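Examination of the molecular architecture
Single-letter residue listing:
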Amino acid sequence: MPFYDEAVPNGVLLEEAIEQLAEQYGPSEFNQALERLEWITAASNMLSPMQQDQVKLLDAITHYYSSDTFQGLAESSQLVYKYEINLFLKYCTHIKGENPDIKEVSSAIFLKDYLAPVNKLNTRSKKSAFLRSFLGEVFEHFFKSKIDKLKRTLSIEVDKNKEPRAFSKQQLDELLRLVRLGREAYRNFTIIWSFLGSGIRLSELCTLQVGDVFPDRQEILVRGKGKKGYKQANKMTKSSLDALCSYIKFRYKGLENESDYLNWYIFSDNKGQSPLHESTIQKMFSAIIDEAQTIPELDKKPYHFSVHSLRHSFALYLLESGVNIYTIKELMRHAWLSSTEVYLKLYDSMLVDAIDKHPLAQIKVSDFF
């Protein structure tokens, strides 16, 4: 039995039982039963603000989009959560009808049913993280209450056995060759080379501005994950930094005296006024992955290789070159060492593959007897 069950007060268990009955028979039938038993007056006095007030799902979604909770997310996270909201809304409408009350779609039973078809642990955790954010903000704003009980249902676990996906050196060579043969070859080559020479994330590369590049210090300033509005120093290999500086000169040569020159975005479709959209880079990279002959077809499916695999490749080849895990942590700007240690497992797999290629590894013991 889970350790927390022994510590759950009877009142909490009673509330959960009542919620299950209301969910099973519907709010209307449940209230009618209370009226017939003449418990309705006493029950209404004990109803929480959440049970007394009615908040429609669409109103809850509208509030969430305008809340500090949502606005404080990185742009990439906002896109993911918008996608998750649309999925959740579609499911709720299918099960409960058009624009149901928020309390009808926020019970433990309903949420368990919603998450039940999700088999992958990481995917389920991502959906749970969204629901925690969404329902947590809605409950706090409309009902002045928290969702502590729901967190048991919306558990977040990471699959520790899942390894990061990194490209082999042969695959990287082919990707760099293919990108030079395509449209916007100079720009796209510089983008990929910048990823490989710095290990920065997609959102960080898109928001790079001319004034963020410091060749004398061999670093760039990036808007780090979870640090909206703040920039962090990120070291970069000399070859990647040279390529980035050459691209800036090629694109903006002769415009250095413009008043807002340092604020121009390096990778942009409108003369530096706004950053190149993340989806543009994702589509470009997906296209060359599809074309690559050295990448197996299975790895070309969604959620296998992606732009983020370039960041994993940066870390893995640092490890292979003998750089210690603590230095890699700083270069990757990981908050926790455990985030960096996942590469040790992948590196170990590479060592096993390498030693099996040793000439003596092909000899069987039975050959001697």
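Residues numbered from 1 in each chain as written. Predicted model: local features only at pLDDT ≥ 70, side-chain atom pairs only at ≥ 80, totals over all residues. Heavy atoms only, no water.

**Some thoughts on the overall build of the chain**
A tally of regular secondary structure across the chain gives 18 helices and 3 strands. Contacts in the chain between residues far apart in sequence, at least 24 positions, make up 59% of those at least 6 positions apart. Accessible area for the chain stands at about 22,400 Å²; split by element, carbon and sulfur atoms hold 55% of it. (Helix = DSSP H or I, 4+ residues; strand = E, 2+ residues; numbered from the N terminus. Contact = heavy atoms within 4.5 Å. Areas by Shrake-Rupley, 256 points an atom, 1.4 Å probe, with all protein chains shown as cover.)

**A look at the confidence of the model for the chain**
For the chain, the average pLDDT comes to 82, and 77% of its residues sit at 70 or higher. Low pLDDT (under 50) marks residues 1–8, which in the prediction has 4 contacts with non-local residues, meaning those over four places away or in another chain. Segment residues 42–52 is flagged for pLDDT under 50; beyond a separation of four residues in sequence, or across chains, it makes 10 contacts in the model. (pLDDT = per-residue confidence, 0-100.)

**Digging into the pattern of salt bridges**
Across all of its chains, the model carries 13 salt bridges by this definition. Between Glu-174 and Arg-177 there is a salt bridge whose closest N-O contact spans 3.7 Å. With Glu-174 and Arg-177 both in helix α11 (residues 169–181), this residue pair falls 3 residues apart, about one helical turn. (Salt bridge = Lys/Arg side-chain N within 4 Å of Asp/Glu carboxyl O.)

**Here we look at the sheet that holds strand β2 (residues 219–222)**
Strand order in the open sheet formed by 3 strands is β1-β2-β3, with antiparallel pairing between adjacent strands. This sheet does not close on itself; its edge strands, each paired only once, are β1 (213–214) and β3 (232–235). Inspection of the sheet shows β2 paired to β3 by 4 bridges, in the antiparallel sense. Paired with Val-222 across the bridge in β3 is Gln-232. (Pairing = 2+ DSSP bridges.)

**Let's talk about the nonpolar core**
Counting 42 residues, the largest nonpolar core has Ile-281 and Phe-285 as the members making the most contacts within it. Per element, the largest residue contribution to this core is 6 residues, and it comes from helix α14 (residues 238–252). Residue contacts for Ile-281: discarding those within four places in its chain leaves Ile-191, Phe-195, Leu-202, Leu-205, Cys-206, Leu-276 and Val-307. (Core = buried A, V, L, I, M, F, W, Y, C linked by side-chain atoms within 4.5 Å. Buried < 20%, exposed > 50% of the residue type's maximum accessible area, 1.4 Å probe, protein only.)

**Quick notes on the packing of aromatic side chains**
Overall, the coordinates contain 19 aromatic pairs when judged by the stated rule. Between Tyr-91 and Tyr-114, the ring centres sit 5.0 Å apart and the planes meet at 55 degrees, which makes this aromatic pair tilted. Linking Tyr-91 in helix α7 (residues 75–96) with Tyr-114 in helix α8 (residues 108–115), this pair joins segments that are 23 residues apart in sequence. The class for Tyr-91 is partly exposed, based on a relative accessible area of 23%. A relative accessible area of 10% places Tyr-114 in the buried class. Through pairs of rings, three or more aromatic residues link up here, namely Tyr-64, Tyr-65, Phe-70, Tyr-81, Phe-88, Tyr-91, Phe-110, Tyr-114, Phe-130 and Phe-134. The side chain of Arg-217 reaches across the aromatic face of Phe-214, ending 4.1 Å from its centre. (Phe/Tyr/Trp six-rings, centres within 6.5 Å; stacked < 30°, edge-to-face > 60°. Lys NZ or Arg CZ within 6 Å of the ring centre and 35° of its normal.)

**Observations concerning unusual backbone geometry**
Negative phi characterises most residues that are not glycine, and trans characterises most peptide bonds. In this structure, Asn-99 is a non-glycine residue whose phi angle is positive, near 50 degrees. On the secondary structure map, Asn-99 appears in the loop between α7 and α8. With relative accessibility at 21%, the residue Asn-99 sits in the partly exposed group.

**What about the environment of Phe-70?**
Mapped onto the elements of the fold, Phe-70 is located in helix α6 (residues 68–71). Residues Phe-70 and Glu-137 lie 67 residues apart in sequence; the distance between their C-alpha atoms is 8.9 Å.

**Regarding the side chain of Arg-311**
The topology assignment puts Arg-311 in helix α16 (residues 308–320). Lacking a salt bridge, the buried Arg-311 has Glu-204 as its closest oppositely charged neighbour, with an N-O distance of 5.0 Å. Setting aside residues up to four positions removed in sequence, Arg-311 forms contacts with Gly-199, Ile-200, Arg-201, Met-332, Arg-333 and His-334. (Lys, Arg positive; Asp, Glu negative; His and termini not counted.)

**Structural notes on the packing of α8 against helix α9 (residues 121–143)**
Look at α8 against α9: their axes get within 11 Å of each other, and the N-to-C directions meet at 145 degrees. Pair α8 / α9 crosses with right-handed handedness. For the pair formed by α8 and α9, the contact residues are Leu-111, Tyr-114 and Leu-115 on the first element and Arg-124, Lys-127, Ser-128, Leu-131 and Leu-135 on the second. The residue inventory of the contact of α8 with α9, partitioned by class, reads 5 nonpolar, 1 polar and 2 charged. (Axes fitted to C-alpha atoms, helices over the stretch in contact; angles between N-to-C directions. Left-handed = near helix turned anticlockwise from the far one by under 90°. Nonpolar A, V, L, I, M, F, W, Y, C, P; charged D, E, K, R; others polar.)

**Brief notes about the pairing of β2**
Regular strands place their side chains on alternate faces of the sheet. Residues Glu-219 and Leu-221 of β2 are buried on one face, and the alternating residues Ile-220 and Val-222, pointing to the opposite face, are buried as well. Where β1 lies against β2, 2 bridges are found, and the strand directions are antiparallel. Bridging from a neighbouring strand, Val-213 pairs with Ile-220 of β2. With antiparallel pairing between neighbouring strands as the criterion, β1 and β2 make up a hairpin whose turn holds 4 residues, including Gln-218 at a positive phi of roughly 55 degrees.

**Looking at the packing of helix α12 (residues 185–198) against α16**
Look at α12 against α16: their axes get within 7 Å of each other, and the N-to-C directions meet at 40 degrees. Compared by their axis directions, α12 and α16 come out oblique. By crossing handedness, the relation of α12 to α16 is classed as right-handed. For the pair α12 and α16, the contacting residues are Ile-192, Phe-195, Leu-196, Gly-197 and Ser-198 in the first and Leu-310, Ser-313 and Phe-314 in the second. Residue classes in the contact of α12 with α16 are distributed as 5 nonpolar, 3 polar and no charged. (Parallel < 35°, antiparallel > 145°, perpendicular 65-115°, else oblique.)

**A short note on the side chain of Glu-174**
Residue class for Glu-174 comes out buried when judged on its relative accessible area of 6%. Within polar-contact distance, the side chain of Glu-174 engages the backbone nitrogen of Gln-293 at 2.7 Å. Ignoring any residue separated from it by four or fewer positions in sequence, one finds Glu-174 in contact with Glu-291, Ala-292, Gln-293 and Thr-294. (Polar contact = N/O pair within 3.5 Å; in protein donor to acceptor, adjacent residues only side chain to side chain.)

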